[in-house]
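Each chain, letter by letter, is given below.
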Amino acid sequence: MALLVNSGRAGLAAALKARPMFFAWGRGASWWGQTDVKNKTFAGSPERFTLDHAPVESLTLNNPNSAQTYATPADYIFDPNTGVVTRVNGGAIPPGGTVQAQAVYGTTSLGATETALVSEIGRRIASSVEFVVPDPNGNLYTPGGERWSVSTGATRYLYVATQFDFLEASTETIREVGIFVDSVRAEGVPEGQLYLTPEEVAERGYLLLLDRFAGIPRSPSSRQGFSYVLVI
């Protein structure tokens, strides 16, 4: 069986390094990472209801008329991937009961078929694209606590980083970020312009990496940086 060896991977990384890369950031979905409290009523057979969003990180059901908190799995069960909540017969929740549901939502799962952000705000050209190697004592960091050192030769690891400016998306909450290659500027947008809004992008290019999180509130008094390693 044929094998793509590391020297070939390093060659692919070198070809990728020579092409323009942008970090795009976006709003994502407004419910990602949010806490929602609503009254819900069980119905059907089996008795159940569906939360407004999924996935669900945590769920608490309370009696809306008292301080009673219901327990799972004794009183109800729920599927965090679908948001479906089912009443348990014989539990403390009465048939057809109404409960106060406090849900903490997660973020939509990442998929290999993604091609764009959910709600892009803008994108900035990568300020650093370097070959790196894993190094527990390295001075470059990426999400998850990994550490890296810059390599003088080509490797299969590309460190890509940028830092957005103070006033870029200064009133937004950032819930997603992606790295794109081969983005095309709209006609009339100067080549030297580092930050592009969606209307200044004619072709978004190829999405190489996508990350989602609960939310980073922006402020005009701070800059926001991102760094990732692309493993080829």
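How each quantity is defined
Residues numbered from 1 in each chain as written. Predicted model: local features only at pLDDT ≥ 70, side-chain atom pairs only at ≥ 80, totals over all residues. Heavy atoms only, no water. Pairing = 2+ DSSP bridges. Helix = DSSP H or I, 4+ residues; strand = E, 2+ residues; numbered from the N terminus. Axes fitted to C-alpha atoms, helices over the stretch in contact; angles between N-to-C directions. Expected span 1.5 Å × (residues − 1). Buried < 20%, exposed > 50% of the residue type's maximum accessible area, 1.4 Å probe, protein only. Arc of directions from axis to C-beta. Contact = heavy atoms within 4.5 Å. Phe/Tyr/Trp six-rings, centres within 6.5 Å; stacked < 30°, edge-to-face > 60°. 1 Å grid on protein atoms, 1.4 Å probe; cavity = no way out; pocket = protein on both sides within 12 Å on 5 of 7 lines; lining within 4 Å. Points joined across faces, edges and corners; volume = space filled by probe spheres on them. Nonpolar A, V, L, I, M, F, W, Y, C, P; charged D, E, K, R; others polar.

S.K.: Residues and numbers for the sheet that holds strand β6 (residues 84–87), please.
M.R.: Hydrogen bonds along the backbone pair up the strands of a sheet, which may run parallel or antiparallel. Read from one edge to the other, the open sheet built from three strands follows the order β3-β6-β5, with strand pairing classed as antiparallel. The open sheet terminates on both sides in strands that have one partner only, identified here as β3 (48–50) and β5 (76–79). The sheet shows a mean angle of 15° between the axes of neighbouring strands, taken without regard to direction. Examined bridge by bridge, β5 and β6 share four bridges and lie antiparallel to one another. Counterpart to Y76 in the pairing with β6 is R87.

S.K.: Please provide a residue-by-residue account of helix α1 (residues 6–17), values included.
M.R.: With 12 residues, α1 should cover 16 Å at 1.5 Å per step; its first-to-last C-alpha distance of 16 Å lies within 8% of that length. A10, A13 and L16 are the residues of α1 that are buried. Along the axis of α1, the buried residues cluster in a sector spanning 120°; they form a single face. On the buried face of α1, the contacting elements are β1 (21–26), β9 (128–134), β12 (157–164), β13 (173–181), β17 (206–217) and β18 (224–231).

S.K.: Outline the environment of A29, supporting the account with residue identities and numerical values.
M.R.: Structurally, A29 is set in the loop between β1 and β2 (35–41). Taking C-alpha positions, A29 is 9.8 Å from A214, a pair spaced 185 residues apart along the chain.

S.K.: So what's going on with the sheet that holds β9? Residues and values would help.
M.R.: In space, the five strands of this open sheet follow the order β10-β11-β9-β12-β18, with antiparallel pairing throughout. This sheet does not close on itself; its edge strands, each paired only once, are β10 (140–141) and β18. Here α1 sits on the sheet in contact with β9, β12 and β18, set at roughly 160° to β9.

S.K.: So, the packing of aromatic side chains: which residues are in play, and what are the values?
M.R.: For any two aromatic rings, the description comes down to two numbers: the centre-to-centre distance and the angle of the planes. The final tally for this structure, using the stated rule, is 10 aromatic pairs. A ring pair is formed by W31 and Y105, whose centres lie 5.8 Å apart and whose planes are at 80°; its orientation type is edge-to-face. Linking W31 in the loop between β1 and β2 with Y105 in strand β7 (residues 98–105), this pair joins segments that are 74 residues apart in sequence. Accessibility classification places W31 together with Y105 in one group, the buried group. Ring plane angle 20° and centroid distance 6.4 Å describe the contact between F213 and F226, whose orientation is recorded as stacked. You can see F213 sitting in strand β17 and its partner F226 sitting in strand β18, a full 13 residues away along the chain.

S.K.: Let's hear about empty space enclosed by the protein: which residues, and what values?
M.R.: Counted by the stated rule, this structure contains one cavity of 30 Å³ or more. Looking at the largest cavity, its volume works out to about 40 Å³. The wall of the largest cavity is formed by D36, V37, K38, K40, L51, D52, A101, A103 and Y105. Contributions of two or more residues to the lining of the largest cavity are made by β2 and β7. Per-element accounting of the lining of the largest cavity gives the leading share, four residues, to β2. Taken together, the residues of the lining of the largest cavity break down into five nonpolar, no polar and four charged.

S.K.: Describe the pairing of β1, and please don't skip the residues or the numbers.
M.R.: The element β1 is extensively covered by neighbouring structure, given that six of its six residues are classed as buried. What you see with β1 is no split at all: M21, F23 and W25 on one side and F22, A24 and G26 on the other are buried throughout. When β1 meets β13, the two strands line up antiparallel, connected through six bridges. Looking at the pairing, W25 lines up with V177 of β13. Of the strand pairs in this sheet, β1 and strand β8 (residues 120–125) are connected by five bridges, and their pairing is antiparallel. When the sheet's bridge partners are listed, A24 is paired in β8 with R123.

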